[in-house]
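This is what each chain is made of:
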Amino acid sequence: MTEDDRLRRILTGTRTIAVVGWSPNPDRPSHRVAAFLAGRGCRVIPVNPGAAGQAALGTTVRASLADIDERVDMVDVFRRSAEVPAVVEDALAHLPGLRVVWMQLGIAHADAAARARAAGLEVVEDRCPAIEIPRLGL
């Protein structure tokens, strides 16, 4: 399977996405990508402790992954690379059924990726679904 085939499979099989580091500022990439994914029919759950409780994208912004009480297919990470290990541990502890950890452009962490893979998750680093979806013709 090629990397494009793997990305295509991940993106077509993902329905619920927790966006860690979502911003209420429409000029921020996390805001635009979350809106793009929601516009494509995904359920997007924004995660940002500073905006927790606000309404966004048809749901309530959560303070952390621990505050999500529904199944999540993918965690889309908009945090600095150094913060990814904590996000992965939080996801593993609180999101049963999680399938994918996706790290945005410029974000990668080899140890956190290895930890997620060891737990059976797929990992994508240094890519953006809002770029990959049109590029792959999805």
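Look up a bit, the structure's there.
Nothing here was measured: the structure is a model prediction, and the numbers come from that model. Starting afresh in each chain, residues are numbered from 1 along the sequence in its written order. With pLDDT at 70 or above as the cut-off, local features in this predicted model cover only qualifying residues; side-chain atom pairs require 80 or more to be listed or tallied, and sums for whole chains, interfaces and linings still use all residues. Side-chain numbers here rest on the full set of heavy atoms in the structure, without hydrogens or water.

S.K.: Give a description of the pattern of salt bridges that names residues and reports values.
M.R.: One side-chain nitrogen of Lys or Arg within 4 Å of one carboxyl oxygen of Asp or Glu is enough to make a salt bridge. Tallied over the entire structure, the rule returns 14 salt bridges. The partner of E3 in a salt bridge is R6, with the nearest N and O atoms 3.0 Å apart. In this pair, E3 and R6 both sit in helix 1 (residues 3–13), three residues apart, roughly one turn of the helix. Overall, R6 belongs to the buried group, its relative accessible area being 17%. Of the charged contacts in the structure, one is a salt bridge between E122 and R9, with a shortest N-O distance of 2.5 Å. Residue E122 is found in strand 7 (residues 122–124), and its partner R9 is found in helix 1; the two are separated by 113 residues along the sequence. With a 1.4 Å probe rolled over the protein chains alone, any residue whose accessible area is under 20% of its type maximum counts as buried; one over 50% counts as exposed, and the rest are partly exposed. Residue classification places R9 among the partly exposed positions, given a relative accessible area of 36%. Secondary structure elements are defined from DSSP: runs of H or I of at least 4 residues count as helices, runs of E of at least 2 residues count as strands, and each element is numbered from the N terminus.

S.K.: If you had to explain the side chain of R62 to someone new, which residues and values would you point to?
M.R.: Residue placement: R62 occurs in the loop between strand 4 (59–60) and strand 5 (74–77). Look at R62 and you get buried, because its relative accessible area is 13%. Side chain to side chain, R62 and T59 meet in a polar contact 3.4 Å long. The contact rule is simple, with two residues in contact once any of their heavy atoms fall within 4.5 Å. In this structure, R62 is in contact with R43, I45, P46, V47, N48, P49, A52, D67, I68, D69 and E70, ignoring residues within four places of it in sequence. Under this definition, polar contacts are N or O atom pairs within 3.5 Å; protein pairs additionally need one hydrogen-donor-capable and one acceptor-capable atom, and for neighbouring residues in sequence, both atoms have to be side-chain atoms.

S.K.: Lay out helix 2 (residues 29–39) in plain terms, naming residues and giving numbers.
M.R.: Regarding helix 2, the residues found buried are S30, V33, A34 and L37. The arc that holds every buried residue of helix 2, seen down its axis, measures 100°, which confines them to one face. Among the structural elements, strand 1 (16–20), strand 2 (43–47), strand 5 and helix 5 (129–135) are those in contact with the buried residues of helix 2. G41 sits one or two positions beyond helix 2 and adopts a positive phi of about 100°. Along the arc lie the directions from the helix axis toward the C-beta atoms.

Everything listed here is a matter of coordinates, which is why it stays silent on function.
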